[in-house]
Amino acid sequence: MAKKDSKPKSDKRKRSRKGTISGHMYGVAILPVVLFALIIIIAGIPFLTGILYDSAEKELRDACLSTQMLMDATYPGDYRLTGSDSLYLYKGDADITSDYAVVDSVKQSTGLDVTIFYKDTRILTTLADENGVRMVGTGIASQINTLVYENGEEAFYHNTLIFGKPYFTYYMPLVSSHGNVQGMIAAARPSADVNRTIHTYIFMLIGVAVLLTALMIFIVIRITKPMTSSIESIFKFVKDASSGNETAVLDEHVLARRDELGEIGESVLSMQRSMRNMMESDPLTGLFNRRSAQRKMGPIISKAKNGSESFCISIGDIDFFKSVNDTYGHDAGDEVLVKVADTIREHMKSCGFVARWGGEEFLMVFDRSSLIMAENSLWSLLEKIRALKIRYDNYIIEVTMSFGVSEWDKKQSVDSLIKSADDKLYNAKKSGRNRVISALEGEETNEENGEMSEIDKLLMTISSGAKEEMSGHQSDAGHFENLSAKEFEDILNGVADEEAAVTGDNLMSGGISFSADSYTDDSILRGSSTK
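Since the model is a prediction, treat every value here as computed from it, not as a measurement.

Cut-offs used in this document
Residues numbered from 1 in each chain as written. Predicted model: local features only at pLDDT ≥ 70, side-chain atom pairs only at ≥ 80, totals over all residues. Heavy atoms only, no water. Patch = residues over 30% accessible without salt bridge, like charges linked within 9 Å, V, L, I, M, F, W, Y side chains within 5 Å. Areas by Shrake-Rupley, 256 points an atom, 1.4 Å probe, with all protein chains shown as cover. Salt bridge = Lys/Arg side-chain N within 4 Å of Asp/Glu carboxyl O. Buried < 20%, exposed > 50% of the residue type's maximum accessible area, 1.4 Å probe, protein only. Axes fitted to C-alpha atoms, helices over the stretch in contact; angles between N-to-C directions. Helix = DSSP H or I, 4+ residues; strand = E, 2+ residues; numbered from the N terminus. Left-handed = near helix turned anticlockwise from the far one by under 90°. Contact = heavy atoms within 4.5 Å. Nonpolar A, V, L, I, M, F, W, Y, C, P; charged D, E, K, R; others polar. Pairing = 2+ DSSP bridges.

Visitor: Help me understand a nonpolar patch on the surface in this model?
Guide: Residues V208, L212, L215, M216, F218, I219 and I223 make up a contiguous nonpolar surface patch of about 660 Å² in total accessible area. Residue classification places L215 among the partly exposed positions, given a relative accessible area of 44%.

Shown next, in the form of structure tokens:
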């Protein structure tokens, strides 16, 4: 029974990750502002309503006091009701039964309805029905009559129904000169008018709260925008860099910050440089690796295709490098690689670049160079390699190199150009090592076709003289081509000759240059058994 596939937990975490840091920051910053605005609105509505109720109560009470003072000033004396069949209300000596002058003047000045009760009966009032008939002779609710008329207390109500219509009302007892309650004065305003005012103020409160909230949100966004933008830039940069985008660029505004985000930006840039170095550089020698070399050749090839200038590629290999590892150990071999790489790097600064192609192989690209120029440069480089004295423990190690070099033409691919240089390197190995090969047997050259320029002819003359002079180095006493098999085996096994000891520095001379017949090292990259 096949097992059911299950995705890694990390994928589940990635799928479940929602939102962004900037979104969370905005939420954290804005949510308190919104909550504060809601609290203001929720708490403000009852507070504002209470203030408006208090204002309405004061307004109605002032209307009752004004009515009482005007009545006392206009008609001195106490109130009394006379008559048997028809009732008449007097104040002092004046019959005020139908005298609406005072109450109408109060309504005109305040906009409030005013009523004068004798005991619990409405005698004078500005209240009228839909036909304009004043509501005189009507009574009052028993609980109001008990509180105001019987108990002599003032009372305020914000939902009094007068003939089915809600009013805000205020009731004040009418007290005679003897201290007896004779009736009441009432002032009323329709509840719709007061509620309209309350709603207006509530809307104003909500509007102010919304405007303040919007202003606060705007300020928060303006303050946090640079921070969130920096965070988003860092996130995008890290995401692009981690996905393999080597051209990812961090926003300069992040680097300009003088806070932790700026430091994070510097850190991720440093991380990018480290990652780029790891991806582009050989960790041992610090040279470009194969991947970065192939990328760096792109502009050179493009320039050569579109112009008249050419370039050359060479592959070089340290001769008998395996013997260095076998005789002195792999740490010594690493030291040899580092020193040789440093020498080639320094030499190639003015004419191109070098990359570690693998193992002890190096690829050199000569920009804007002809084959003769590249070959002469390689002979000069070979002389520098021969002169190296690489110290390791109590030994001095000397090495040589073999090079194959080819010039690119527009009909040739880069892969075929590298293969051509590689074939020439193989020929250099096979023909004795410690040399530069620029042409194979039977291969046509510009010289044979009569196409050599004057500069190349001059360089060829110089090159020929240099080769003759350098050829003498191959018979130096430091090389071991003429050793017997037993002596050769002793050297491979690390048995040092006492006569070869250098007494001054207590160092052993370990110059190594084996003939092709005595030893061949394994090819590391091309798959061939020998070079």
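Visitor: How should I be thinking about the packing of helix α10 (residues 330-348) against helix α11 (residues 371-386) in this particular structure?
Guide: The axes of two packed helices give the description: the angle between them and the distance between them. The geometry of α10 relative to α11 is characterised by a closest axis approach of 10 Å and an angle of 145 degrees between their N-to-C directions. Considering the relative orientation of α10 and α11, their crossing is right-handed. Two secondary-structure elements touch here, α10 through V340, T343, I344 and H347 and α11 through S377, S380, L381, K384 and I385. When the residues that make up the contact of α10 with α11 are grouped by side-chain class, the tally is 4 nonpolar, 4 polar and 1 charged.

Visitor: Please clarify how helix α9 (residues 321-328) should be interpreted in this entry.
Guide: In an α-helix, one turn spans 3.6 residues; hence positions three or four apart end up facing the same way. Looking only at α9, the buried set comprises F321, S323, V324, N325 and Y328. Remark: G329 follows α9 within two positions and exhibits a positive phi of approximately 105 degrees.

Visitor: Could you clarify how one ought to interpret the pattern of salt bridges in this entry?
Guide: Pairing is possible between side chains that carry opposite charge, provided their charged atoms lie close to one another. A full pass over the atoms with the stated rule returns 19 salt bridges. Here D259 ties to R257 by a salt bridge, and the two come within 2.6 Å at their closest N and O atoms. For E346, the salt bridge identified is with K349, shortest N-O distance 3.1 Å. What emerges from the salt-bridge pattern is a single network uniting D317, D319 and K429.

Visitor: I keep staring at the sheet that holds strand β11 (residues 361-366) and nothing clicks. Help me out?
Guide: Pairing between the strands of a sheet comes from backbone hydrogen bonds, and it takes one of two forms, parallel or antiparallel. Spatially, 5 strands are ordered β10-β11-β9-β14-β15 in an open sheet, and the strand pairing comes out mixed. Strand pairing shows two members of the sheet lacking a second neighbour, β10 (352-358) and β15 (436-437), which therefore form its edges. Across 6 bridges, the pairing between β10 and β11 is antiparallel. In the sheet register, G352 faces β11, and the bridge partner there is F366. Strands β9 (312-318), β10 and β11 of the sheet are contacted by helix α8 (residues 290-306), whose axis makes an angle of about 145 degrees with β10.

The values reported here are purely geometric and, on their own, carry no functional implication.
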